[in-house]
Amino acid sequence: MSATAAQAHPNIALIKYWGKQDKPGNLPATPNLSITLAELTTRTRVSSAGRDELWLNGNRKEDPKVNGFLAALRKKFAVEPLKIESENNFPTGAGLASSASGFAALITAINEHAQLGLNRELMSEWARRGSASAARSLFSGYVALVPPMWRAHQLAPASHMPLNVVVAITNRQTKSVSSTQGMEYSRLTSPYYSAWLRGGPDDFAAASSAINQRDFEALAQISELSCLKMHSLMLTSNPTLSYWNPATVACMDAVRDLRNQGCAVFFTIDAGPQLKAVCLPEATSQVAATLKNIVGDEQVIVCGMGDAAGLIEP
Ligand code: PMV
C-alpha cells in the first residue's frame, strides 16, 4: 500500500497563545507569533489501513486529539482509515511543542495522501483545529496567527533577521497537565486573565513592529514579557500550574545576566520546564556555553529557524 510522508518543525511562540475563545474551532483568544526550530523535527508517514492506527515513536497510541481531528476531517472529506506513524527526534509532550509539529506534519501528509487539495493557509486552519499552535508550523520565518481567519501567515522570512534558539532541556519527562487543560484553568480562574486579553493585541503589535524594524532589543523585551505574563496566569490559576524547576530558574537568571552584559539574548518558556534562549547568531556560542554549565552538554540543542512543513520521501 503506498505511503506518504511529511515533516514539520515545532515552533516557539515569542508572543504567546494561552486561552481559547469560548466558541467552536479551537480559536486562540489573542494574536500570537512564533518561529520554528530547524533541528527539532517530527516525521509522519501515513498509509491506508483497515482501521485507524497511531504509532508514536514506535509505540501504539490512542490519542483523543488525533481521533477528534480525523473525525472532523472526515465530516468534510472522504479520508479512508489510516495508519499514522510519527517520530520525533526530541522529547515528546515535554514543553517542546511536539503537538505543533505533529499536527502540521499530519495534515501535510494527509493532504497529499488523500488528495484533499488544500493550500498552505487551509492546511494551517486544519492544523489549528488539532492544536492551535500547530497552525504556525506550516510556515517558515516569523509567523503570525491572528484574527479574523486564524490561519497562520508569514510576517517576514528568516533572512530578514536570522535568530538562533538555544534549547536547554531541564527535564525530559512528559508534563502532567496538558496545555489545553492548563489554559482552560487559567481562562476560568486566573484573576489576571482579563488583563491578559486586554494586553494581547498591543503585545503582538509591539513584537511585529520590532521584527519589522529588526530591533532585537525591543523584540527581547516584549517576548520575555509575554512569556512571563503567561506564566503569571499559570501560577495564579486554580489549581495552580507551575512548569518551572530550579534549573529552569537558574537558566532564566543566566540569560538575564548575559543580557545585562550586552549579549543579544532573551528567554522564552512554554508549558514545560525547558528554557529556550533566543539570540542573534553571533551570541550563540556564549549562550550555549553558559546554559551547558547549568544543565550539562548533552541537554543543550542549538537550533536555527526552520523551514515550513513539507513532504518528504516516505
Ligand atoms: O497549541 P497548544 O494547545 O499546544 O498550546 C500551546 C501553548 C504554548 O505553547 C504554551 C504557547 C504557544 O503559543 O505556543
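Residues numbered from 1 in each chain as written. Predicted model: local features only at pLDDT ≥ 70, side-chain atom pairs only at ≥ 80, totals over all residues. Heavy atoms only, no water.

## As for empty space enclosed by the protein
Part 1 of the reasoning: Summed over all chains, the structure comprises two cavities of 30 Å³ or more.
Part 2 of the reasoning: Roughly 50 Å³ of volume is contained in the largest cavity.
Part 3 of the reasoning: Lining of the largest cavity is provided by I15, K16, T30, P31, W196, G199, G200, D203, S226 and K229.
Part 4 of the reasoning: Those elements giving two or more residues to the lining of the largest cavity turn out to be α5 (193-212) and α6 (216-235). (1 Å grid on protein atoms, 1.4 Å probe; cavity = no way out; pocket = protein on both sides within 12 Å on 5 of 7 lines; lining within 4 Å. Points joined across faces, edges and corners; volume = space filled by probe spheres on them. Helix = DSSP H or I, 4+ residues; strand = E, 2+ residues; numbered from the N terminus.)

## Comments concerning the domain arrangement of the chain
Part 1 of the reasoning: On domain assignment, one finds that the chain holds domain 1 (3-157) and domain 2 (160-303).
Part 2 of the reasoning: The distance between the C-alpha centroids of domain 1 and domain 2 comes to 22 Å.
Part 3 of the reasoning: Each side of the interface is counted separately: domain 1 has 33 residues, and domain 2 has 50 residues.
Part 4 of the reasoning: In this assembly, domain 1 packs against domain 2 so that about 3,200 Å² is buried in total across both faces, 72% of it on carbon and sulfur atoms.
Part 5 of the reasoning: The largest contributions to the domain 1 side of the interface with domain 2 come from K16, W18 and Y142, which together make up 27% of the buried area.
Part 6 of the reasoning: Summed over the shared surface of domain 1 and domain 2, the result is one salt bridge.
Part 7 of the reasoning: For D270, the salt bridge identified is with K16, shortest N-O distance 2.5 Å. (Domains from an automatic or database assignment. Contact = heavy atoms within 4.5 Å. Buried area = accessible area lost by both parts, 1.4 Å probe. Salt bridge = Lys/Arg side-chain N within 4 Å of Asp/Glu carboxyl O.)

## Here we look at the site of the ligand
Part 1 of the reasoning: The ligand sits among 14 residues. The nearest are A13, Y17, S131, S133 and R136.
Part 2 of the reasoning: Contact distances for the ligand include 3.0 Å between an oxygen atom and a side-chain N or O atom of S131.
Part 3 of the reasoning: A per-class count over the shell around the ligand returns seven nonpolar, four polar and three charged.
Part 4 of the reasoning: Looking at which domains feed residues into the shell around the ligand, each of domain 1 (3-157) and domain 2 (160-303) supplies at least three. (Near = heavy atom within 4 Å. Polar contact = N/O pair within 3.5 Å; in protein donor to acceptor, adjacent residues only side chain to side chain. Nonpolar A, V, L, I, M, F, W, Y, C, P; charged D, E, K, R; others polar.)

## Details of the environment of L280
Part 1 of the reasoning: Along the chain, L280 turns up in the loop between β12 (275-279) and α8 (284-295).
Part 2 of the reasoning: Classification of L280 as buried rests on a relative accessible area of 18%.
Part 3 of the reasoning: Separated by 201 residues in the primary sequence, L280 and V79 place their C-alpha atoms 44 Å from one another. (Buried < 20%, exposed > 50% of the residue type's maximum accessible area, 1.4 Å probe, protein only.)

## Thoughts on the pattern of salt bridges
Part 1 of the reasoning: A complete count under the given rule lists 13 salt bridges for this structure.
Part 2 of the reasoning: D203 serves as the salt-bridge partner of K229, at 2.8 Å between the closest nitrogen and oxygen. A residue pair is termed long-range when its members are at least 10 positions apart, and K229 in helix α6 and D203 in helix α5 qualify at 26 residues.
Part 3 of the reasoning: A single salt-bridge network, built from bridges that share partners, covers K16, D270 and K276.

## Observations concerning the packing of helix α2 (residues 98-113) against helix α3 (residues 120-130)
Part 1 of the reasoning: For the pair α2 and α3, the least separation of the axes is 9 Å and the interaxial angle reads 130°. When the axis of α2 is compared with that of α3, the two are oblique. Considering only the axes of α2 and α3, their crossing is right-handed. Facing α2, whose interface residues are F103, A104, I107, T108 and N111, α3 presents M123, W126, A127 and G130.
Part 2 of the reasoning: Among the residues making up the contact of α2 with α3, the classes are represented as six nonpolar, three polar and no charged. (Axes fitted to C-alpha atoms, helices over the stretch in contact; angles between N-to-C directions. Parallel < 35°, antiparallel > 145°, perpendicular 65-115°, else oblique. Left-handed = near helix turned anticlockwise from the far one by under 90°.)

## Focus: the sheet that holds strand β5 (residues 53-56)
Part 1 of the reasoning: One open sheet holds the six strands; their spatial order is β6-β5-β7-β4-β1-β14, and the pairing between them is mixed. Looking at which strands have only one partner, the edges of the open sheet turn out to be β6 (59-61) and β14 (310-312). Across the sheet, the axes of successive neighbouring strands diverge by a mean angle of 30°, strand direction being ignored.
Part 2 of the reasoning: Bridge count for β5 against strand β7 (residues 82-88) is four bridges, and the pairing is parallel. (Pairing = 2+ DSSP bridges.)

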